Amino acid sequence: MRTSPELRAKARPAGDCVWEIAPSEKAGMRVPARIYASEALFGQMDDGVFEQVTNVACLPGIVRAALCMPDGHWGYGFPIGGVAAFDAEDGVISPGGIGFDINCGMRLIRTGLSEGEVRPRITELIDALFEAVPSGVGAKGFVRLTEESFRRIMVQGAGWCVAHGYGWPEDLERMEGQGCLPGADPTHVSARAVSRGMEQLGTLGSGNHYLEIQVVREGGIHDPVAARALGVEAPGQVFVMLHCGSRGFGHQIGTDYLRIFDQAMPRYGIRVNDRELACAPFRSPEGQAYFGAMTAAANSAFANRQVITHRVREVFSRIFGRDARTLGLDMIYDVCHNTAKLERHRVDGREMELVVHRKGATRAFGPGAPDVPSAYRTIGQPVIIGGSMETGSALLVGTAHAMEETWGSTAHGAGRTMSRAQAKKLVRGDTLIRDMAARGIVVRAASKSGVAEEAGFAYKDLSAVVDVLHRLDLSRRVATLSPIGNIKG
Amino acid sequence: MGHYRFLEEVALADCAVEVEGRDPADLFETAASALACLMVDPATLSITVERAVTIEAPQLDLLLYDWLSELIYLKDRDRQVFPAAQVTIAGKGPFRLDAIARGGTIDAEHTTLGADPKAVTFHQFVLEQTADGWRARLVIDI
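Peer 1: Where do I start with empty space enclosed by the protein in this structure?
Peer 2: Empty space among the atoms becomes visible once a probe the size of a water molecule is rolled across them. Evaluation of the coordinates by the stated rule reveals eight cavities of 30 Å³ or more. Its boundaries defined by the atoms lining it, the largest cavity holds a volume of some 460 Å³. Of the residues assigned to the lining of the largest cavity, the class counts are ten nonpolar, 14 polar and nine charged.

Peer 1: Looking at this model, I keep getting lost on the sheet that holds strand β3 (residues 33–36) of chain A. Mind explaining?
Peer 2: Sheet strands pair via backbone hydrogen bonds, and the direction of the pair is either parallel or antiparallel. Residues and elements named next belong to chain A. Taken together, seven strands build an open sheet; the order of strands is β1-β2-β3-β4-β5-β13-β12 and the sheet is mixed. Unpaired on one side and paired on the other, β1 (11–13) and β12 (339–347) mark the two borders of the sheet. Here the strands of the sheet are splayed against their neighbours by 45 degrees on average, with no regard to which way each runs.

Peer 1: It is not clear to me how the nonpolar core should be interpreted in this structure. Could you clarify?
Peer 2: Within soluble globular proteins, side chains that are nonpolar generally end up buried alongside one another. Ile35, Ile213 and Phe316 of chain A together with Leu64 and Trp67 of chain B are the most contacted members of the largest nonpolar core, which totals 196 residues. Ranked by residues supplied to this core, first place goes to helix α11 (residues 285–320) of chain A with 17 residues. Residue contacts for Phe316 of chain A: discarding those within four places in its chain leaves Thr111, Leu113, Leu125, Leu129, Ile213, Val240, Gly321, Leu327 and Leu329 of chain A. Residues Met241, Val372, Ile379 and Ala479 of chain A belong to the second largest nonpolar core, which totals 24 residues.

Peer 1: I tried to follow the sheet that holds strand β4 (residues 80–90) of chain B on my own but got confused; where do I start?
Peer 2: All names here are of chain B. In space, the three strands of this open sheet follow the order β3-β5-β4, with antiparallel pairing throughout. For this open sheet the edge positions go to β3 (49–57) and β4, each flanked by a neighbour on one side alone. Across the sheet, the mean angle from the axis of one strand to that of its neighbour is 25 degrees, orientation sign disregarded. Note: β3 against strand β5 (residues 95–105), nine bridges, orientation antiparallel. Along β5, the bridge assignment pairs Ile55 with Leu97. Relative to β3, helix α2 (residues 60–78) is tilted by about 145 degrees, and along the sheet it contacts β3, β4 and β5.

Peer 1: What is the right way to look at the side chain of Thr406 of chain A in this model?
Peer 2: With respect to the helices and strands, the residue Thr406 of chain A is situated in the loop between α12 (400–405) and β17 (409–410). Here Ser409 of chain A takes part through its backbone oxygen, which lies 2.7 Å from a polar atom of the side chain of Thr406 of chain A.

Peer 1: Even after reading the chapter, I still don't get the side chain of Asn338 of chain A, so can you show me in this structure?
Peer 2: All names here are of chain A. By the element assignment, Asn338 lies in the loop between β11 (331–336) and β12. Exposure remark for Asn338: the relative accessible area of 10% places this residue in the buried category. One polar contact links the side chain of Asn338 to the main-chain carbonyl oxygen of Asp101, over a distance of 3.1 Å.

Peer 1: Is there a simple way to explain the pairing of strand β9 (residues 237–244) of chain A in this structure?
Peer 2: On any regular strand, side chains alternate: one points to one face of the sheet, the next to the other face. Residues and elements named next belong to chain A. Within β9, eight of the eight residues are buried, which leaves it mostly tucked inside the rest of the structure. Where strand β7 (residues 105–114) lies against β9, seven bridges are found, and the strand directions are antiparallel. When the bridges of β9 are listed, Met106 appears paired with His243. As judged from the six bridges shared by strand β8 (residues 210–221) and β9, these two strands associate in the antiparallel manner.

Definitions and limits used
Residues numbered from 1 in each chain as written. Chains lettered and ligands numbered in written order. Predicted model: local features only at pLDDT ≥ 70, side-chain atom pairs only at ≥ 80, totals over all residues. Heavy atoms only, no water. 1 Å grid on protein atoms, 1.4 Å probe; cavity = no way out; pocket = protein on both sides within 12 Å on 5 of 7 lines; lining within 4 Å. Points joined across faces, edges and corners; volume = space filled by probe spheres on them. Nonpolar A, V, L, I, M, F, W, Y, C, P; charged D, E, K, R; others polar. Pairing = 2+ DSSP bridges. Helix = DSSP H or I, 4+ residues; strand = E, 2+ residues; numbered from the N terminus. Axes fitted to C-alpha atoms, helices over the stretch in contact; angles between N-to-C directions. Core = buried A, V, L, I, M, F, W, Y, C linked by side-chain atoms within 4.5 Å. Buried < 20%, exposed > 50% of the residue type's maximum accessible area, 1.4 Å probe, protein only. Contact = heavy atoms within 4.5 Å. Polar contact = N/O pair within 3.5 Å; in protein donor to acceptor, adjacent residues only side chain to side chain.

Such coordinate-based values are descriptive only and should not be taken to indicate function.
Written as structure tokens, this is what we have:
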């Protein structure tokens, strides 16, 4: 995909790697739209990004600007990589600014193991993880829940898991919001959402979701001080990365409320340029109900990643014949992608309560900010940016500048440049799996065609995305992690 | 039955499909088939389940949205996929759908899996009458 010259001409350079579309470019824009990208990444953005980020700029109560991160690409409603803050008093909340996979997010776990110890057993390890962590269409989790206990998960998030033996107490310290966002209200969750998601706790899903074994290579540690604080000690060290979300439970809440908002908008006199941007005033009954249900889904996503973490520890412990603690399987961090959160930020010199939407974008709070774990308080909140299964991922930290510029937000991944159908035309899943094995990356997948769709060439160059973030000081590069084993849904 | 084709340039990370049918019921049946093909290879699914579905909606396009949302819901709740359906539609707003959906339960041993749809989206969501019948454009979030 490439940007058309007409749309490109509307976005003016507004500094190094910053492009701005003035409110005069589209009727109804209340604030400018701002895209963070190098010249090369900007040129790779499809026209949908421009349409969507300017549509976001039209929403009631938006503060300062509609933002798009360098991994931005076409979504629905908001672009993926979209960030927008709305005044909590007179602004809106929009499911299209969050996505159907509520609190889809990343989790990174360190190990005390070296590649030399893991490599000889990587196939055995990946096979065991594939068995232990259900993935793909129709996957069912291993945790049997009553409806009552599922409702507790909605309110307690990862805390419920730790209390029930699926994790360590210190895990909670190393999660965005301690693995439990305030404001969850199960009374606004439909019975349909409960029945759709209740049996899926501990499942990976499909699409771009994965569980990956990674290693930090020689030259892969860019900031030794921050790396050490995060538990990244030396080249050859092995890590486990998870990317998954709230599964059918969150998807159903998105479906339910998109439908409700679509019908409710006329009551509030709100018109939007794209039906996927359906929204309601944050303080309205519909807005508050969605916020309560959406937060319940966000908490279930923390629980999902926590239960998977428990399984990962069990598998490592079994394969290597040692307790997970002695193997050093400590949480580095868990960070959300698809949320709207009530946060306080400074706007024109005064503090405001904002509903910050991050869709395919990561929170990146800087050093000293609230909710950054004490162990990381001096370096900033860890930021985990997932790349493609072939090329690796990145670990960064948030910055003070991101707090000023982007409501403490940064990119979330490499961002697609090619459709799934195109990718499947270029490579077969089984061929790619064989090629990757020859390059030392063992892949197990529930769907072979799904593997082809996730080929590295379908994504932007992750290092180019990270370079922009680092140059703009929206987050600071710490380490690069390379895959040696991957489980795909 | 009508026909469908997946569109390559409409959705980058998701899946867009154009569905045509001679009338709304035919289109709804075809859309169900397209959705099932997205999820699994229907040839690897034992057709053992028959399920009655009734849905009401104020507009015809929302009836389609709710029908496909119901099929996605059944995939997650019961792990069942329905490549075939017999649909009747009544009313002129509100509309009512009565369907007999035929399909099977996903069997990890034998069913070839495809994508795992999250939701039908309203992005570029269109249901319209054409000179030859009815056409819909759907973007499925996967």
